[in-house]
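Listed here are the chains, written in short residue letters.
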Amino acid sequence: MRDKLSILGHYLKAKYLHRFRDRAALEAHQRRQLARFKTEVLQHLPFFADLWEKDLSSFPLTDKAIVQQNFAGLNSLALPYDVGLPLAQAREKVDGITVGLSSGTSGRRGLFLVSEEERHFWLGVMLAKALPGPLWQKHRVVLALSANSDLYTTANKNSRMRFHFLDLKAAYQDHLDTLTRVQPTILIAPAQFLKKLAQSVQAGDLQINPARIFSVGEVLSDEDRTFIGDQFHQPIHQIYQCTEGFLGITCAHGTLHLNEEYVHVEKEWLDEDKTRFNPIITDFSRTTQAIVRYRMNDILKIRQTPCACGSPLLAIEKVEGRCDDILKLPHTDQATSADFYPDDIRALILDADPSIQDFRVHQSDVDQLRLRIDSPSPTAKNKVAHALLHTIHARKAQPPTLTFDDWPPAVDLSQKLRRIVRDC
Ligand SMILES: [Zn+2]
């Protein structure tokens, strides 16, 4: 009961109190919250001992590696990384605080700490922003994830909100059976899984009618967004979240807005035109583990026109992918490299021939690009090669060797889909 009241309190605050008439009001709220955050949280953490009274802009930037190296100094339990890791693996709690592991693919896995109160807060805000109607409506929520998350088991206690989990490692037919039986009112899943479901709808193998559909955890391309939306006869919404926090969600107009009522976002511009940036986030809603001036690896493309909803929260055109996935080719006349953004490569390939349904690009070395093209046309590959080399030439970059592999690639729904990957 106490849990429910706590979640309800956060829900009501998020829904009715944290609304700002303009950018100035939002920024004033952020300044107040940051000041409170410094005294209530940062002052007590060793990492910020000499910093907390200073201006946020003078704090050092952090990232995954820095957080792991300084883990004990950044959390309220003073828990060292090496002590926390086995606790997380054993799914044990410390003083009621969950120690969790992020689903990272490379390097040391990210460790995170979250208290019960933070979970209630997170869930209340999520419900306020995600539910299409009022809280008292009954919902059947289906979440497709690679593993059950502790965050959501809190929610299952709420009887009006029934949560069902699909383990993406299980057989696809089982998912179709579950979805048919449950008939979700809200469906939350990675983009590639939603696309597969949309194909099943198209083939007549699945009949569900959710009130709202969210894509989460993977890049949602324009093409997939349109295709999935067409099959389900509704716009596809997005939740932008990661281990570091719940960072954004689409409004009723389908525009992704950052959750700036709770997270301060600095923009590290990636291009001269200032259209894309790396978000540097400071989550002033947290109390257990400090996420301060944390540089995310994501490329966010800013929306050039204001959203019709009128929200002063920053509007994002799209989450384009990870910085690791920017293709880098050496310049012909300089020591630097030319950057090719995933979303530009995507547009270039799909524009090369209208018959192209899907693709993969893998930069395995500075001078090697491996491609897969899904197209019935025998000339599609040539057109893609021509378009790519033309652009590479225009950017004065050294042309790589292009190799075309067969379509389809191996598919694993439980792995994050990245159409464009650089690992060199
Ligand atoms: Zn909006």
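You'll find the structure just up there.
Residues numbered from 1 in each chain as written. Predicted model: local features only at pLDDT ≥ 70, side-chain atom pairs only at ≥ 80, totals over all residues. Heavy atoms only, no water.

Draft legend 1. Summary view of the nonpolar core. Core analysis: the largest hydrophobic core is formed by 66 residues, its most contacted members being Leu-42 and Phe-48. With eight residues, helix α5 (residues 116–130) is the largest single contributor of residues to this core. Setting aside anything within four residues of it in sequence, one finds Leu-42 in contact with Phe-37, Phe-48, Trp-52, Phe-59, Ala-290 and Val-292. Core analysis: the second largest hydrophobic core is formed by 23 residues, Val-142, Ala-189, Ala-198 and Leu-206 among them. (Core = buried A, V, L, I, M, F, W, Y, C linked by side-chain atoms within 4.5 Å. Buried < 20%, exposed > 50% of the residue type's maximum accessible area, 1.4 Å probe, protein only. Helix = DSSP H or I, 4+ residues; strand = E, 2+ residues; numbered from the N terminus. Contact = heavy atoms within 4.5 Å.)

Draft legend 2. Region of interest: a positive patch on the surface. On the surface, a cluster of positive charge is contributed by Lys-4, Lys-138, Arg-160 and Arg-162. Tracing the backbone through its elements, the reader meets Lys-138 in the loop between α5 and β4 (139–145). Classification of Lys-138 by relative accessible area gives exposed; the value is 63%. (Patch = residues over 30% accessible without salt bridge, like charges linked within 9 Å, V, L, I, M, F, W, Y side chains within 5 Å. Areas by Shrake-Rupley, 256 points an atom, 1.4 Å probe, with all protein chains shown as cover. Salt bridge = Lys/Arg side-chain N within 4 Å of Asp/Glu carboxyl O. Lys, Arg positive; Asp, Glu negative; His and termini not counted. Charge placed at Lys NZ, Arg CZ, Asp CG, Glu CD.)

Draft legend 3. Inspection of the side chain of Ser-355 at higher detail. Here Ser-355 lies in the loop between α10 (342–352) and β18 (358–365). Overall, Ser-355 belongs to the buried group, its relative accessible area being 18%. Filtering out sequence-adjacent residues up to four positions away, Ser-355 remains in contact with Asp-374, Ser-375, Pro-376, Ser-377 and Ala-380.

Draft legend 4. Main features of the coordination of the zinc ion. Within the protein, the zinc ion binds to Cys-251 (SG), His-257 (NE2), Cys-307 (SG) and Cys-309 (SG); these donor distances fall in the range 2.1 to 2.3 Å. Between the four donor atoms coordinating the zinc ion, the angles at the centre fall across 102 to 117°, so the site counts as tetrahedral. Within one chain, the residues serving as donors to the zinc ion are arranged as C-x5-H-x49-C-x1-C. Judged by its relative accessible area of 32%, Cys-309 is partly exposed. (Donors = N, O, S within 2.8 Å, 3.2 Å for Na, K, Ca; no water. Tetrahedral: all angles 85-135°; square planar, octahedral: opposite > 155°, others 65-115°.)

Draft legend 5. Structural view of helix α4 (residues 81–89). Tyr-81, Gly-84, Leu-87 and Ala-88 are the residues of α4 that are buried. One side of α4 carries all its buried residues, which in axial view fall inside an arc of 125°. Facing away from the buried side of α4 by more than 90 degrees, the exposed set consists of Asp-82 and Gln-89. Contacts made by the buried residues of α4 are with α3 (64–69), β1 (93–94), β2 (97–101) and β3 (111–114). Positive backbone phi, at 55°, marks Arg-91, one or two positions downstream of α4. (Arc of directions from axis to C-beta.)

Draft legend 6. The arrangement of the sheet that holds strand β19 (residues 368–374) in detail. On the basis of which strands lie adjacent, the open sheet formed by four strands has the order β20-β19-β18-β21 and mixed pairing. Pairing within the sheet leaves two strands with one partner each, and these edge strands are β20 (401–405) and β21 (420–422). Adjacent strand axes in the sheet meet at a mean angle of 15° when their direction is disregarded. Two strands pair when backbone bridges link them, and β18 and β19 are joined in this way by seven bridges, in the antiparallel orientation. By the bridge assignment for β19, Asp-365 is matched with Gln-368. The sheet strands contacting α10 are β18, β19 and β21, and the helix crosses β18 at an angle near 130°. (Pairing = 2+ DSSP bridges. Axes fitted to C-alpha atoms, helices over the stretch in contact; angles between N-to-C directions.)

Draft legend 7. Here's a closer look at the pattern of salt bridges. Per the stated rule, a full pass over the model turns up 27 salt bridges. A salt bridge links Asp-344 to Arg-276; the shortest N-O distance between them is 3.0 Å. Within this pair, whereas Asp-344 is found in helix α10, its partner Arg-276 is found in strand β12 (residues 276–283), the two being separated by 68 residues in sequence. Residue Asp-344 is classed as partly exposed on the basis of its relative accessible area, which comes to 38%. Its relative accessible area of 6% is what places Arg-276 among the buried residues. Among the ionic pairs, Asp-343 bridges to Lys-301, the shortest N-O distance being 3.2 Å. Of this pair, Asp-343 sits in helix α10 while Lys-301 sits in strand β14 (residues 298–302), placing them 42 residues apart in sequence. On the basis of relative accessibility, which here comes to 19%, the residue Lys-301 falls in the buried class. Counted as one network, the salt bridges with shared partners bring together Asp-222, Glu-223, Lys-301, Lys-318, Asp-343 and Arg-346.

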